[in-house]
Amino acid sequence: MPPGMAYRLVHDELMLDGNARLNLATFVTTWMEPQATALMAECAEKNMIDKDEYPQTAELEKRCVSMLAHLWNAPDPDGTIGCSTTGSSEACMLGGLALKRRWMNRNKDRYAAGARPNLVMGVNVQVCWEKFCNFWEVEPRLVPMEGDRYPPRRRERRGAVR
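As a starting point, this report considers the structure included with it. (Residues numbered from 1 in each chain as written. Predicted model: local features only at pLDDT ≥ 70, side-chain atom pairs only at ≥ 80, totals over all residues. Heavy atoms only, no water.)

Observations concerning the side chain of N107
Link 1 in the chain: Turning to its location among the elements, N107 is positioned in the loop between α4 (88–106) and β1 (118–122).
Link 2 in the chain: A relative accessible area of 9% means that N107 is categorised as buried.
Link 3 in the chain: Here W103 takes part through its backbone oxygen, which lies 2.9 Å from a polar atom of the side chain of N107. (Helix = DSSP H or I, 4+ residues; strand = E, 2+ residues; numbered from the N terminus. Buried < 20%, exposed > 50% of the residue type's maximum accessible area, 1.4 Å probe, protein only. Polar contact = N/O pair within 3.5 Å; in protein donor to acceptor, adjacent residues only side chain to side chain.)

Okay, here's the thing in C-alpha cells:
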C-alpha cells in the first residue's frame, strides 16, 4: 500500500478515539513546551532503554533519580537506586514488585512460602494496580468511594485489612 494511503487509514482510525486534550482523566501530557517536543523528535530513533548503546541516557537517568531523591528527602539522595520506565504502568509494576519483595523479606518467619500479601486501595485507582495484583499474586482489597469523597475513611481502610 502506498505510504500516503497507509498514513490516512491509521490517521482516520485514531481520530475515533477523541481529543486527548479534552480527556481530564488521562495520565498523558497533551501539551509541552516546544523545546521538549524538539528533544523528543531528535531522540525518536534512539532506543533510550538500551543503556549500553546510549550511555548518556544512563547518566541523565541517574541525575533524575538523584533529583527525585532530593525532593523526597531520601537519606542519601546521590546514592539512591532507581530507574526510568517507559510508562506509568511499568513504574507501578516495578514499584509494586519492590513492595512485595520487601514484604516477603520482612515476613519470611511469619508466613509460609507462597503466602500472598494484600494491597489496600480505593476503587478509583489506576487499572494497572489491579493488573499488578493479578500478575504478581497480591490480594487486592478495594475500599469503596461514595459521593464526592475520594479518600477512604480510616474505618474503611481498617475494614479492608485483616
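There is more to say, and it comes next.
Notes on unusual backbone geometry
Link 1 in the chain: Phi is positive for N73, which is not a glycine, with a value near 55 degrees.
Link 2 in the chain: Locating N73 in the fold gives a position in the loop between α3 (55–71) and α4.
Link 3 in the chain: Judged by its relative accessible area of 67%, N73 is exposed.
Link 4 in the chain: A positive phi angle, near 55 degrees, is found at E137, a position not held by glycine.
Link 5 in the chain: The topology assignment puts E137 in the loop between α5 (127–135) and β2 (139–143).

Some words on the layout of surface pockets
Link 1 in the chain: Of the voids in this model, the largest pocket is the one considered here, and its volume is about 880 Å³.
Link 2 in the chain: M40, M48, S84, T85 and T86 are the residues nearest the centre of the largest pocket, which is lined by 19 residues in total.
Link 3 in the chain: Mapped onto the lining of the largest pocket, the elements with two or more residues apiece are α2 (34–43) and α3.
Link 4 in the chain: Among the elements that line the lining of the largest pocket, the one with the most residues is α3, at 6 residues.
Link 5 in the chain: Of the residues assigned to the lining of the largest pocket, the class counts are 12 nonpolar, 4 polar and 3 charged.
Link 6 in the chain: The volume enclosed by the second largest pocket comes to roughly 600 Å³. (1 Å grid on protein atoms, 1.4 Å probe; cavity = no way out; pocket = protein on both sides within 12 Å on 5 of 7 lines; lining within 4 Å. Points joined across faces, edges and corners; volume = space filled by probe spheres on them. Nonpolar A, V, L, I, M, F, W, Y, C, P; charged D, E, K, R; others polar.)

Here's the deal with the nonpolar core
Link 1 in the chain: The biggest cluster of nonpolar side chains holds 5 residues, and these are M93, M121, F132, C133 and V138.
Link 2 in the chain: Setting aside residues no more than four positions away along its own chain, V138 makes contact with K100, R116, P117, N118, L119, F132 and C133. (Core = buried A, V, L, I, M, F, W, Y, C linked by side-chain atoms within 4.5 Å. Contact = heavy atoms within 4.5 Å.)

Purely geometric stuff here, so don't read any function into it on its own.
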